[in-house]
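Residue-level structure breakdown
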Amino acid sequence: MTSSAARHLATIPMWAALMLLLLGLERPILELEKFWIFENRVSMWSGMISLFDEGELLLGTVVLVFAVVFPICKNLLVLAILYGVRLTRRHADNILHWLALLGKWSMLDVFIVAILVTSVKLGALAQAHTGPGLYFFLVSVLLTNSVSTWLDWKHPFIDRSGGRDA
């Protein structure tokens, strides 16, 4: 497979990751049933808005940056690299290094732990069920990290002269 074909093939999971990320932000990540009467569905987006509405500016900002802005920027940056934005190998290496480094700060692990703690602590007061948004978000993160890791290992389309292959 040529490097151009590999580059174009890698755009498919990245577009899927971006779509799944947007769905994951909008769809419920947690469905709470309290006393078998009240039901509440919380999406990543509605939870973040609630944090800001309740005056939790620091926590709302952390969720905004690490669960919304950073994943969207990471997807768009990887897509730009895949579509052949002219980069020297050094620039591509730097971008991929920072993506990998910042990716370690993604909120996925904290997010899943928070859901588990919430569902365990609610116990008899309420039942918590994971919603589809959690799975969309999870698959998006896995796809994005897989492609960016592949880029970090291979750089199949970036040459040393600063351009991209044809």
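None of these values were measured; they are calculated from a predicted model. In this numbering scheme, every chain counts its residues from 1 along its sequence in written order. Only residues with pLDDT of at least 70 are given local features in this predicted model, and only at 80 or more are side-chain atom pairs given and counted; all residues enter the totals for whole chains, interfaces and linings. Only heavy atoms go into the side-chain values, all of them from the structure, while hydrogens and water stay out.

Some remarks on the overall build of the protein chain
Each helix and strand counted, the protein chain has six helices and three strands in total. Secondary structure elements follow DSSP: runs of H or I no shorter than four residues count as helices, runs of E no shorter than two count as strands, and numbering proceeds from the N terminus. Counted from the first residue to the last, the protein chain has its helices and strands arranged as α-β-β-α-α-α-α-β-α. Using a 1.4 Å probe on the protein chains alone, a residue whose accessible area is under 20% of its type maximum counts as buried, one over 50% counts as exposed, and one in between counts as partly exposed. For the protein chain, with 166 residues in total, the buried portion stands at 36%. By sequence separation, contacts in the protein chain at least 24 residues apart represent 72% of the contacts at least 6 residues apart. Only heavy atoms enter the contact rule, under which two residues are in contact if any of them lie within 4.5 Å.

Regarding the packing of helix α2 (residues 44–53) against helix α3 (residues 57–82)
Here, axes are lines fitted to C-alpha atoms. For helices the fit covers the stretch in contact, and angles between N-to-C directions go from 0 to 180 degrees. Packing of α2 against α3 brings their axes to within 7 Å, and their N-to-C directions diverge by 155°. When the axes of α2 and α3 are compared, the pair comes out roughly antiparallel. The interaxial crossing formed by α2 with α3 has left-handed handedness. Of the residues in α3, those in contact with Met44, Trp45, Met48, Leu51 and Phe52 of α2 are Leu57, Leu59, Gly60, Thr61, Val63, Leu64, Ala67 and Val68. To sort the angles, those under 35 degrees are grouped as roughly parallel, those over 145 as roughly antiparallel, those from 65 to 115 as roughly perpendicular, and the leftovers as oblique. Two helices cross in a left-handed way if the nearer one is turned anticlockwise from the farther one by less than a right angle. They cross in a right-handed way if the turn is clockwise.

Let's talk about the pattern of salt bridges
Every case where a carboxyl oxygen of Asp or Glu lies within 4 Å of a side-chain nitrogen of Lys or Arg is listed as a salt bridge. Enumeration over the complete set of coordinates arrives at two salt bridges. For the salt bridge of Arg27 with Glu26, the shortest nitrogen-to-oxygen distance reads 3.0 Å. Relative accessible area serves as the criterion here: at 35%, Arg27 is assigned to the partly exposed category. On the basis of relative accessibility, which here comes to 46%, the residue Glu26 falls in the partly exposed class. Where Arg41 meets Glu31, a salt bridge forms, and the shortest distance between an N and an O atom there is 3.8 Å. With Arg41 in strand β2 (residues 38–43) and Glu31 in strand β1 (residues 28–34), this residue pair connects regions lying ten residues apart in the sequence. The class of Arg41 is exposed, set by a relative accessible area of 52%.

A word on the nonpolar core
Buried residues of nine kinds, namely Ala, Val, Leu, Ile, Met, Phe, Trp, Tyr and Cys, make up a nonpolar core once their side-chain atoms join them within 4.5 Å. In this structure, Leu25, Ile29, Met44, Val63 and Phe137 are the most contacted members of the largest nonpolar core, which totals 14 residues. Those elements giving two or more residues to this core turn out to be α1 (3–26), β1, α2, α3 and α6 (132–154).

Things to note about a nonpolar patch on the surface
A grouping of Trp15, Met19 and Tyr83 is seen on the molecular surface, where their side chains present a nonpolar patch of about 330 Å² in accessible area. For Tyr83, the location among the structural elements is in the loop between α3 and α4 (89–103). In this structure Tyr83 comes out as partly exposed when scored by relative accessible area, which is 44%. Here the term patch refers to residues with relative accessible area over 30% and no salt bridge, with like charges joined within 9 Å and nonpolar side chains (Val, Leu, Ile, Met, Phe, Trp, Tyr) within 5 Å. The Shrake-Rupley method, run with a 1.4 Å probe, gives the accessible areas here. Residue values count only the displayed protein chains as cover.

Considering α2
Those residues of α2 lying buried are Met44, Met48 and Leu51. Viewed along the axis of α2, the buried residues span an arc of 55°, placing them on a single side of the element. Of the residues one or two after α2, Gly55 is the one with positive phi, at around 85°. Picture the helix axis, draw a direction to every C-beta atom, and the arc is the one those directions span.

Points about α3
Because each turn of an α-helix spans 3.6 residues, side chains separated by three or four positions in sequence point in the same direction. A helix's residues, less one, multiplied by 1.5 Å, set its expected span. Taking 1.5 Å per residue, 26 residues should reach 38 Å; α3 reaches 35 Å between its end C-alpha atoms and fits that length. Where α3 bends most, the angle comes to about 35°, and this point is Val65. Along α3, the residues that are buried comprise Gly60, Val63, Ala67, Val68, Phe70, Pro71, Lys74, Asn75, Val78, Leu79, Ile81 and Leu82. The bend reported for a residue corresponds to the angle between axes fitted to the seven residues ending at that residue and the seven starting there.

What to know about the confidence of the model for the protein chain
The score called pLDDT rates the predictor's confidence residue by residue, from a low of 0 to a high of 100. Here the protein chain averages 76 in pLDDT, while 72% of its residues score no lower than 70. Helix α5 (residues 108–122) is the least confidently modelled element of the protein chain, averaging 58 in pLDDT, while α1 averages 87, the highest of any element. When the criterion is pLDDT under 50, residues 156–166 qualifies, and its contacts beyond four places in sequence or with other chains add up to 33 contacts.

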